[in-house]
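Structural overview for review
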Amino acid sequence: SKKPRRERAQRERSVVENLTVGLNVIDRDDKHINETVNINFEDVIAEPDAAQGIEAIWRGVFLIFTGVRFWAYRLLALFLAIPIAFVWAIVFTLITFVYIWVATPFLKVFDILLNIIRRVWTGLVMTVCEPFALAFASVFSGIRIKHQSKPDSEV
Amino acid sequence: SKKPRRERAQRERSVVENLTVGLNVIDRDDKHINETVNINFEDVIAEPDAAQGIEAIWRGVFLIFTGVRFWAYRLLALFLAIPIAFVWAIVFTLITFVYIWVATPFLKVFDILLNIIRRVWTGLVMTVCEPFALAFASVFSGIRIKHQSKPDSEV
Amino acid sequence: SKKPRRERAQRERSVVENLTVGLNVIDRDDKHINETVNINFEDVIAEPDAAQGIEAIWRGVFLIFTGVRFWAYRLLALFLAIPIAFVWAIVFTLITFVYIWVATPFLKVFDILLNIIRRVWTGLVMTVCEPFALAFASVFSGIRIKHQSKPDSEV
């Protein structure tokens, strides 16, 4: 019952495509989280009018730059993208799990304890410091503001 | 009188469902307390237009990332969620009990004691410091603010 | 004249109920003094959309958390609430008694003594310090604030 390799690969591929029907394969950065590295040839290399080389060289530069980038990225992604995605999936799962089941409830406990400490500390600080504020408030009691309208004779 | 395992499991399940009729099993974060870790594939991994790998690899990355997260979280939750929930239930019960029966009455006693201390302390501070404040209040007695309306002749 | 246990228990219960007719047994925190620990399941544990476990486990978590809290608190309150309430009743009685019969009259005496000290101290401080304040009041005599309304012709 050995099936030809090609057929198996094709079947696997269609399974993958079925499972990723909703995935946007054209625009792969919907939320623009990697806009910073969305860099094309014209963002990096440009000859101003005052300094232009031979046209053939300019064409060659364009070809080399875009071609090398295209294939080098594809090669790197081919071998590394899936294992890296696996690692990040594990990392994010662990972080999510710890956040939901440990961090959030702990922070709730922390809030309750802080509430008790806050009441004690507020009481102490108010008792010790407020009397000074009240005592020195009298400093400003000497300010007098008078509203005078000019005497009638001057009008 | 030994009952088959399957039947027992089914009966237990329906009991659990009856006891949790009001529980929202679809939206499990009504109050958005864990919105921080509500992270999907497109929030983490994105290829901008200038750097896109082979489509099959992109599909595979999506499958691996979402699949691993889904099953890894499910597995963790399967084994750890209930014991952790048990521990937090005990912790919150103890904190609640101590808060209600010890902390709140103690804080009330603390308030009463502080009130006595505050009256003595305020009396002392006011007696010692207020005279200085009153004496130096005269510094500001030189400020005069006059409201003048322009004489009619200038209009 | 030995009465059956059950009957006695019933009679005692009705006596307790008669003596606590006005008590609100539904809303036991009228003044919201323990609102901080009014924490429900959804305030502590929540799975965001991106990380949801099996439904049965979620139901189980809810049951365990709410059930354990319910019964653990009931058990603690059953054995500890009445003795703790007794202790606080004694403590508050002593504090109230001391406050009424010792602290308040003492604070009155303290106020009278302070009043005498204050008059002497105020006299001394005013005599020594106020002349300086008056002398330096001229520092602020240069401030002039003028409020002008625009003449009618410009309107």
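The following refers to the structure shown.

We now examine the nonpolar core. The biggest cluster of nonpolar side chains holds 30 residues, and the ones touching the most others in it are W101(A), F92(B), F41(C), I45(C), V61(C) and F65(C). Of all the secondary-structure elements, those providing two or more residues to this core are α3 (55–137) of chain A, α3 (55–136) of chain B together with α2 (41–44) and α3 (55–136) of chain C. Top element by residues in this core is α3(B). It accounts for 10 residues. The contacts of V61(C), once residues within four sequence positions are left out, are W101(A), A81(B), I82(B), A85(B), F41(C) and I45(C). Ranked by size, the runner-up nonpolar core spans 14 residues in total, among them A85(A), A89(A), I39(B) and W58(B).

It is worth spelling out the relation of the copies chain C and chain A at this point. In this arrangement, two copies of a chain are superimposed by a rotation about an axis accompanied by a shift along the axis. For the pair chain C and chain A, the superposition axis carries a translation of 0.5 Å, the fit reaches an RMSD of 1.4 Å, and the rotation angle comes to 61°. Given the turn and translation reported, the copies of this chain are related as if by a six-fold rotation axis.

Take the pattern of salt bridges next. Inspection of every chain in the model, using the stated rule, returns 11 salt bridges over all chains. A salt bridge links R119(B) to D111(C); the shortest N-O distance between them is 3.0 Å. Placement of the pair is R119(B) in helix α3 and D111(C) in helix α3, with the two residues belonging to separate chains. Its relative accessible area of 36% is what places R119(B) among the partly exposed residues. Residues R59(C) and E55(C) are paired through a salt bridge, measuring 2.8 Å at the closest nitrogen-oxygen approach.

Further remarks concern the interface of chain B and chain C. At the junction of the two partners, chain B supplies 74 residues and chain C supplies 70 residues. Between chain B and chain C the total buried area reaches about 7,000 Å² when both faces are included, carbon and sulfur atoms providing 72% of it. When the buried surface of chain B facing chain C is broken down by residue, R28(B), F97(B) and W101(B) rank first, second and third, together holding 11% of it. Here chain B is connected to chain C by four salt bridges.

What follows covers the side chain of T104(B). Inspection of the secondary structure assignment puts T104(B) in helix α3. Contacts of T104(B), omitting those with residues within four sequence positions, involve Y99(B), I33(C) and N34(C).

The subject of this paragraph is the packing of aromatic side chains. All names here are of chain A. Tallied over the entire structure, the rule returns 27 aromatic pairs over all chains. Here the aromatic rings of F41 and F62 are separated by 5.0 Å at their centres, their planes lie at 90°, and the arrangement is edge-to-face. You can see F41 sitting in helix α2 (residues 41–44) and its partner F62 sitting in helix α3, a full 21 residues away along the chain. Classification of F62 as partly exposed rests on a relative accessible area of 39%.

Right, let's get into the interface of chain C and chain A. Taken together, the contacts link 12 residues of chain C with eight residues of chain A. Taken as a group, T36(C), I39(C) and V44(C) account for 44% of the area that chain C buries against chain A, more than any other trio of residues on that side. Counting across the chain C and chain A interface gives zero salt bridges. At the boundary of chain C and chain A, one finds one residue pair in polar contact (both at pLDDT 80 or more).

Turning to empty space enclosed by the protein, a few remarks are in order. Over the atoms a probe the size of a water molecule is rolled, and this reveals where empty space is left. One pass over the full model with this rule turns up one cavity of 30 Å³ or more. Put simply, the largest cavity is a space of about 40 Å³. Looking at the lining of the largest cavity, the elements that each hand over two or more residues are α3 of chain B together with α3 of chain C. Classifying every residue of the lining of the largest cavity by side-chain character gives seven nonpolar, one polar and two charged.

Cut-offs applied
Residues numbered from 1 in each chain as written. Chains lettered and ligands numbered in written order. Predicted model: local features only at pLDDT ≥ 70, side-chain atom pairs only at ≥ 80, totals over all residues. Heavy atoms only, no water. Core = buried A, V, L, I, M, F, W, Y, C linked by side-chain atoms within 4.5 Å. Buried < 20%, exposed > 50% of the residue type's maximum accessible area, 1.4 Å probe, protein only. Helix = DSSP H or I, 4+ residues; strand = E, 2+ residues; numbered from the N terminus. Contact = heavy atoms within 4.5 Å. Least-squares fit on C-alpha atoms with pLDDT ≥ 70 in both. Salt bridge = Lys/Arg side-chain N within 4 Å of Asp/Glu carboxyl O. Buried area = accessible area lost by both parts, 1.4 Å probe. Phe/Tyr/Trp six-rings, centres within 6.5 Å; stacked < 30°, edge-to-face > 60°. Polar contact = N/O pair within 3.5 Å; in protein donor to acceptor, adjacent residues only side chain to side chain. 1 Å grid on protein atoms, 1.4 Å probe; cavity = no way out; pocket = protein on both sides within 12 Å on 5 of 7 lines; lining within 4 Å. Points joined across faces, edges and corners; volume = space filled by probe spheres on them. Nonpolar A, V, L, I, M, F, W, Y, C, P; charged D, E, K, R; others polar.

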